[in-house]
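These are the residues of each chain, in order.
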Amino acid sequence: SDVYKRQNNERVNMEINNIKDMKMTEKGGVTFAALLSDRYRLALFVGCILQICNVMGGYFALIYFSTTIFESIGGRSEHGAIKVTVMLGIIDLIATAFYAMFSDRCGRRLFLLIGVSGLIAMNLGIAISAKVNPRILPYFACFFIIFQSTSIGPTAWIYCSEILPPAGVSVTTTVYWVFQAVYSFSFLYAAAALGIAGVFFINSGICLAGLLLIIFLVKETKGNRDIDNLVLFAPEDKKKEIYAEYESLQTNQSTPKVYTGL
């Protein structure tokens, strides 16, 4: 229909303008030293903390060590533990697909608030059930995966790419992999020293810290242009400079051909 065609053309034009914005805002590149300036410093801090919470919130304990957890305290056979692990993987896939369909409609911040709140509750549920009734632990694990895969799991990556230039994204990615390595190598030692319950109590505390960050620092990027997201955490005086630079670049660019759908 004409209405659908017009709406589709509007979406394509918006994507073209966003690509143009991105190319102009990244012109000349951003050095790693520049990331420590007040223009990017807060955005880099938020991105790094989100990725740390993404790693340290307990997801990789369930993904990498689920069979060990369910065998040791869940009272399940090796075959039963493997079945639960496969189920977690399927749930992960479905939840991520759900997030992909609705994240742009609802925004990043809403998913983060709901999801990380759920992670706190599920970490506490896993910790308590490990002590009280290990047979119900897999149910908490399933809901944990749902909250993770519809919130901080994918959003941390998307949000960092929206608020930071490529150099900043590479820093947050490095932080992610470093902390994942630390968490993965230390989990079994921590579990032996503190017990599974102790580890997941700590995970819930990390998620609580992440929730506070989201409440007080994370800003919505839904519907923004790329240039708006890149100045989201910049001081007001810097925003004026950046927008002036952007307008100067824009006037020096030839006007792109508008997509008509023909």
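Remember, predicted model here, so these are calculated numbers, not experimental data.

Engineer: Could you clarify how one ought to interpret the state of the cysteines in this entry?
Structural biologist: What makes a disulfide is a covalent bond joining the sulfur atoms belonging to two cysteines. Under the definition given, this model contains zero disulfides. A disulfide-free cysteine, Cys 48 has its sulfur positioned 7.3 Å from the sulfur of Cys 160, the nearest such atom.

Engineer: Is there a simple way to explain the nonpolar core in this structure?
Structural biologist: Considering soluble globular proteins, one finds that nonpolar side chains tend to be buried as a cluster. By size, the foremost hydrophobic cluster in this structure holds 57 residues, and its most contacted members are Ile 69 and Phe 187. Secondary structure elements with two or more residues in this core: helix H2 (41-56), helix H3 (59-72), helix H4 (78-106), helix H5 (108-132), helix H6 (137-149), helix H7 (152-163) and helix H8 (166-216). Per-element tally for this core: the top contributor is H8, with 14 residues. The next biggest cluster of nonpolar side chains, apart from the first, holds five residues, and it includes Val 231, Ala 234, Ile 242 and Tyr 246.

Engineer: Can you walk me through the packing of H3 against H8 in this structure?
Structural biologist: The relative placement of two packed helices comes down to the angle between their axes together with the axis-to-axis distance. Packing of H3 against H8 leaves a shortest axis separation of 10 Å and a crossing angle of 40°. With respect to H8, the axis of H3 lies oblique. Remark: the crossing between H3 and H8 carries right-handed chirality. Residues Phe 60, Ala 61, Leu 62, Tyr 64, Phe 65 and Ile 69 of H3 lie in contact with H8, whose contacting residues are Tyr 176, Gln 180, Tyr 183, Ser 184, Phe 187, Leu 188, Ile 196 and Phe 200. Of the residues in the contact of H3 with H8, the class split is 12 nonpolar, two polar and no charged.

Conventions used here
- Residues numbered from 1 in each chain as written.
- Predicted model: local features only at pLDDT ≥ 70, side-chain atom pairs only at ≥ 80, totals over all residues.
- Heavy atoms only, no water.
- Disulfide = S-S within 2.5 Å.
- Core = buried A, V, L, I, M, F, W, Y, C linked by side-chain atoms within 4.5 Å.
- Buried < 20%, exposed > 50% of the residue type's maximum accessible area, 1.4 Å probe, protein only.
- Helix = DSSP H or I, 4+ residues; strand = E, 2+ residues; numbered from the N terminus.
- Axes fitted to C-alpha atoms, helices over the stretch in contact; angles between N-to-C directions.
- Parallel < 35°, antiparallel > 145°, perpendicular 65-115°, else oblique.
- Left-handed = near helix turned anticlockwise from the far one by under 90°.
- Contact = heavy atoms within 4.5 Å.
- Nonpolar A, V, L, I, M, F, W, Y, C, P; charged D, E, K, R; others polar.

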